[in-house]
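Topology and contacts: notes
This is what each chain is made of:
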Amino acid sequence: MKVLDRRKMLWVNGALLALLVISIIGCALLGPVRLDFSQALQNIFAANPDAEILYRARLPRVLLGVAIGGGMAACGVVLQALLGNPLACPQMLGVSGGASLGGVLGLVFLPHWLLPIGGGLLGEISWVPLAAFLGALLSMMLVYRFSLFHGRLHPYHLLLSGVIFNSFIAAVIMFLNSIVDFYQAQGLLFWLMGSLSTRAYLTVAFIWAYIIFGFLWLWTKGLSLNLITLGEEAAMQLGVETGALQRQIFVASSLMIGAMVSVSGMIGFVGLMVPHVMRLFVGSDHRLLLPASFLAGGIFLAWADTIARILLAPAELPVGIITAFFGGPFFLFLLYREGTRRLAV
Amino acid sequence: MNPAIETHELSFAYKDRAVLRGVLLSVERGEMVGILGPNGSGKTTLIRILSAVLDGQGKVKLNGRRIETYGRRELSRLFAVVPQESRVSFPYTVAEIVMMGRASYHSPFALEGKKDLEVARASMELTDSLSLSHRYLHELSGGEKQRVMIARALAQEPEILLLDEPSAFLDLKHQVQVFELLRRLNRERGLTIVAALHDVNLAALFFPRLAMLRDGKIYRDGSPREVLTEKTIEEVYDIRVRVELDPSGEKPQVFICPSW
C-alpha cells in the first residue's frame, strides 16, 4: 500500500529546493548585460559594475520573482482545495481585484505624510500591502458569503460572483483613476500594471516575510486540506473544524495575495497552472503538494521573468506574457494527454 | 450503562419547513438499527444531526454525553459516517482515501505511522478493497467506491457506524454484499450500526431492529415483524401492499399490489 512517506517528502522537496537554488543563481547571471562572475564575486565592496548589476539589480529581482511565484502557486493550491474546484485561483475569486482596490484606496486616501516615511520606501512597503491585504480579505469574505446558502458553499455561485466582483472592482478602480489628479493617476497606473522590476532589498525582505509567514501557516493545514477536498460535511465527519479552517485559510491567503499584489500586480497563470502540474507529479496529498508547488512556482516565475528580461533586450516584456505564452500550451497539452484521469476529475 | 445514542424531543426545520418534529430514539451499544421512511420523512436529516454536521433542537446524547460537548476530532474517533455518494474533486488513490480515516489519530503535522498503516490495511482487507489500493477513487465503480468508503469508516476505529442509504446506487449483488458486511461487522466486532435505508425488504432481511419515520417522528420502532405490517406500510407510504414471511419463515417481505 503506497501512501506519502518521509522519503518521498524529503526527496521531492530536496530536489525542488536544489533546483530553486540553481535557478536563482542562473537567473541572476543571465541578462542583457554579460556578467563576469568572478569579477562580481571578488570585489563586492569596491565600485564594480559587475557586482552592482548582480547584487543591486538582478538578485533582488530574482528573489522577488521567486517569492511571488511561490506565493501564487501556494494560494492556488489552497483555494482549489478549499473550494473543491480546479478552476479556483486568486484572479477568479475576486480576491485580486479586492487587493488591487485596497491598494489603490491606500495610495489615494492614506494621508500623504504617511507614505513618504523612509524616503517613500518604508511607506510603500508597510502601508500598501496592508491595505491590499484588507481589500483581499474583505472581498474574499464577501464573495464567499454570496455563495453560501443554507450553510453550504455553492461552487458555481462562487466562481460567478467572483468573476462579476472582479469586473465591478475594475470599474471602481477605473473610476477612481479618472477622478484623481494627473500625477496620482500616473502613479496608480504604474502600480496597477505591476512588474518585478528591481526593488530595494528591504522591500523584497518585507514581501518574503509576508509570504513565508502565510505559506507556513497554510502548510500546517496540509492534512485538513486533504480532507476538505472531500466536501465540507465529509471533512467535519473526519474530524476537521471546517469553519476555523476556512477562516484561517482566508486570512493567510489574503495576507499573501495582498503582499504580492502590492508589488507586482497580479501575474496570471502561476496560481492556476502550477498546482495542477505538481499534482500530476507528486500526487494530491497537500502535505507534499503545497511545499512542492511553492518551490515549483518560484522556479517557474524566476525563469519566466528572466526570459521576459532577455527576449527583446534591452526592452522588457511584462512577465505575464511569458507565463501565459509558455505555460498555456504546455498546460493544454497536459490536459489533453491526461484526459479525465489525473488532472480535472 | 448509557445507550450509545439517545435523542430526546429532537426537532429540525430548514427555514420554515419542519423536517423532524420530536424524534425519540435510543440505540444500545452493539445494536443494528435501520431507519425507514418515505422521501422527505427526515431520514437523512436525522443521520446528519447524529453525525453533528447539523444542529437540531432538543437533546442528542452519545454515550451519555451531550453531542455539543464533543470536539470534532473526538467525535470522529467515536463514530464514522458512510455517505450516500462520495465525490472527489481531485485525484486521490484508494489508499490515500482510506488513510484519511486516520486523520484524527495522528498529529496534523505528522505523516501516518505504522499503526495507522496497519489499521488501514486491515479495514481494506475486511471490505475486500485492498486490491484496489493503488487505483484512483473516481475511476472505481459504485460498488467498489462504497466498499472503499466503508473501509475508510472502519479505519476510524469507530464505536458507531452511521450510514445514509449505503446501497442507493448499487446493483442487487453489491447491495447484498454491503448489507452482509454490515451484519458481520455488527456480530463479530460489536459495532453499533444506524443506517437510513430505502429498501424495506432488504432492511427486513438484514436489520434486527427497524424504526419507521413518518412526518418527522418515529412512527413504529421494533423488530421487522412488528414494524413491517400491511397497515403500517399502507399508512406511511400510501400504497397497497401484502406482507408475507420469506422462505425461512422468519423475516417479513413486502409485496406491492399495483392499483390496476
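Just so it is clear, the model here is predicted, and its values are computed rather than measured. (Residues numbered from 1 in each chain as written. Chains lettered and ligands numbered in written order. Predicted model: local features only at pLDDT ≥ 70, side-chain atom pairs only at ≥ 80, totals over all residues.)

1. Let's talk about the overall build of chain B
This is how the line gets drawn: Where helices and strands are cited, they refer to DSSP runs of H or I of at least four residues and of E of at least two residues respectively, numbered from the N terminus. Using C-alpha atoms as the atom set, the radius of gyration is obtained and then compared with a globule rule of 2.2 Å times the number of residues to the power 0.38. Exposure classes come from backbone-placed C-beta atoms, where a residue is buried if 20 or more other C-beta atoms lie within 10 Å of its own, exposed if 12 or fewer do, and partly exposed in between. Each residue is represented by a C-beta atom placed from its backbone, and any two residues with such atoms within 7 Å are regarded as in contact.
Counting secondary structure elements, chain B contains 9 helices and 12 strands. Here chain B has a C-alpha radius of gyration of 19 Å; the compact-globule value for 260 residues is 18 Å, and the two agree. Considered along the principal axes of its C-alpha atoms, chain B spans approximately 60 × 40 × 35 Å. Within chain B, buried positions represent 44% of all 260 residues. Here the contacts in chain B between residues at least 6 apart in sequence split such that 65% fall between residues at least 24 apart.

2. What about the overall build of chain A?
A count of helical and extended segments in chain A gives 14 helices and 2 strands. Burial analysis of chain A (345 residues in total) assigns 48% to the buried set. A fraction of 78% describes how many contacts in chain A between residues 6 or more apart in sequence connect residues 24 or more apart.

3. Some thoughts on the pairing of strand 2 (residues 17–27) of chain B
Residues and elements named next belong to chain B. We count it as follows: The criterion for strand pairing is that DSSP finds at least two bridges linking the strands in question.
Of the strand pairs in this sheet, strand 1 (residues 5–14) and strand 2 are connected by 8 bridges, and their pairing is antiparallel. Each residue of the ladder has a partner; that of serine 11, found in strand 2, is arginine 21. Hairpin remark: strand 1 followed by strand 2, antiparallel, with 2 residues in the connecting loop; positive phi at lysine 15, about 50°.

4. Observations regarding the sheet that holds strand 2 of chain B
Where strands meet in a sheet, backbone hydrogen bonds hold them as pairs that are either parallel or antiparallel. Strand order across the open sheet formed by 4 strands is 2-1-4-5 (chain B), with antiparallel pairing between neighbours. The sheet is open, and its two borders are formed by strand 2 and strand 5 (65–66) of chain B, each paired with just one other strand.

5. Focus: helix 12 (residues 270–282) of chain A
Residues and elements named next belong to chain A. Definition in use: To estimate how far a helix should reach, multiply one less than its number of residues by 1.5 Å.
For helix 12, built from 13 residues, the straight-helix expectation of 18 Å at 1.5 Å per residue is met to within 8% by its first-to-last C-alpha distance of 17 Å. When you tally the buried positions in helix 12, you get 10 out of 13 residues, the bulk of the element. Looking only at helix 12, the buried set comprises Val270, Gly271, Leu272, Met273, Val274, Pro275, His276, Met278, Arg279 and Val282. Summarising the contacts, the buried residues of helix 12 are in contact with helix 1 (6–29), helix 3 (49–83), helix 13 (286–310) and helix 14 (319–338).

6. Focus on the packing of helix 12 of chain A against helix 14 of chain A
All names here are of chain A. Counted only if it meets this: Every axis in this analysis is a line fitted to C-alpha atoms, fitted for helices over the stretch in contact. Angles between the N-to-C directions lie between 0 and 180 degrees. Put simply, angles under 35 degrees are roughly parallel, angles over 145 are roughly antiparallel, angles from 65 to 115 are roughly perpendicular, and the rest are oblique. Crossing chirality is assigned from the near helix's rotation relative to the far helix, an anticlockwise turn below a right angle marking it left-handed and a clockwise turn marking it right-handed.
Packing of helix 12 against helix 14 brings their axes to within 11 Å, and their N-to-C directions diverge by 40°. The orientation of helix 12 with respect to helix 14, classified from their angle, is oblique. Here the hand of the crossing between helix 12 and helix 14 comes out left-handed. From helix 12, Val270, Met273, Val277 and Leu280 reach across to helix 14, where they touch Thr323, Gly327, Phe331, Leu334 and Glu338.

7. Here we look at the confidence of the model for chain A
The condition that has to hold: Note on scores: pLDDT gives the predictor's confidence for each residue, bounded by 0 and 100.
When the pLDDT values of chain A are averaged, the result is 83; 88% of them are 70 or greater. When the criterion is pLDDT under 50, residues 116–123 of chain A qualifies, and its contacts beyond four places in sequence or with other chains add up to 10 contacts.

8. A look at the sheet that holds strand 9 (residues 209–214) of chain B
All names here are of chain B. Pairing is mixed in the open sheet, where 6 strands are placed in the order 6-7-8-3-9-10. Each edge of the open sheet is held by one strand with a lone partner, namely strand 6 (79–82) and strand 10 (217–222). If you compare each strand with its neighbour and ignore which way they point, the axes differ by 15° on average. As paired elements, strand 7 (residues 160–164) and strand 8 (residues 192–196) share 5 bridges and run parallel to each other. Each residue of the ladder has a partner; that of leucine 161, found in strand 8, is isoleucine 193. Packed on one face of the sheet, helix 5 (residues 142–155) meets strand 6 and strand 7 and runs near 170° to strand 6.

9. Regarding the interface of chain A and chain B
So the rule is basically this: Gly is put with the polar residues, along with every residue not named as nonpolar or charged; the nonpolar set is Ala, Val, Leu, Ile, Met, Phe, Trp, Tyr, Cys and Pro, and the charged set is Asp, Glu, Lys and Arg.
Of the residues lining the interface, 31 residues belong to chain A; the matching set on chain B comes to 30 residues. For the side of chain A that touches chain B, the elements supplying multiple residues, two or more each, are helix 9 (222–228) and helix 10 (232–237) of chain A. Of the residues that constitute the side of chain A that touches chain B, the class distribution is 12 nonpolar, 11 polar and 8 charged.

10. Here we look at the nonpolar core
Note the cut-off: When buried Ala, Val, Leu, Ile, Met, Phe, Trp, Tyr and Cys residues are joined through C-beta atoms within 7 Å, the set is termed a nonpolar core.
Ranked by size, the top nonpolar core spans 170 residues in total, and within it Val78(A), Ile35(B), Val98(B), Leu161(B) and Val194(B) carry the most contacts. Considering each element in turn, this core owes the most residues, 17 residues, to helix 3 of chain A. Ignoring sequence-local partners within four residues, the contact set of Val78(A) consists of Leu218(A), Leu225(A), Ile249(A) and Ser253(A).

11. A look at the pairing of strand 9 of chain B
Residues and elements named next belong to chain B. Sheet analysis places strand 3 (residues 32–36) next to strand 9, joined by 4 bridges and oriented parallel. Within strand 9, the residue paired with valine 33 across the bridge is arginine 209. Sheet topology note: the strand 9/strand 10 ladder contains 5 bridges and is antiparallel. Each residue of the ladder has a partner; that of leucine 210, found in strand 10, is glycine 222.

12. Quick look at the packing of helix 3 of chain A against helix 8 (residues 201–219) of chain A
Residue and element names in this part refer to chain A. Two numbers describe how helix 3 lies on helix 8: the axes approach to 10 Å, and their chain directions differ by 25°. On the basis of their axis angle, the class for helix 3 and helix 8 is roughly parallel. Seen along the crossing, helix 3 lies across helix 8 with a hand that is left-handed. Each of Pro60, Leu63, Leu64, Ala67, Gly70, Gly71, Ala74 and Val78 in helix 3 lies in contact with helix 8, whose residues at this interface are Tyr201, Val204, Ile207, Trp208, Ile211, Phe215 and Leu218. Residue classes in the contact of helix 3 with helix 8 are distributed as 13 nonpolar, 2 polar and no charged.

13. Let's talk about the environment of His138(B)
Residue and element names in this part refer to chain B. Within the element layout of this structure, histidine 138 appears in the loop between helix 4 (114–126) and helix 5. Given 17 C-beta atoms within a 10 Å radius, histidine 138 is considered partly exposed. Between the C-alpha atom of histidine 138 and that of isoleucine 49, which follows or precedes it by 89 residues, the distance is 28 Å.

14. Concerning the confidence of the model for chain B
For chain B, per-residue confidence averages 90 on the pLDDT scale, and residues scoring 70 or more make up 100% of the total. Taken over the whole predicted complex, pTM reads 0.89, whereas the ipTM for its chain interfaces reads 0.89.

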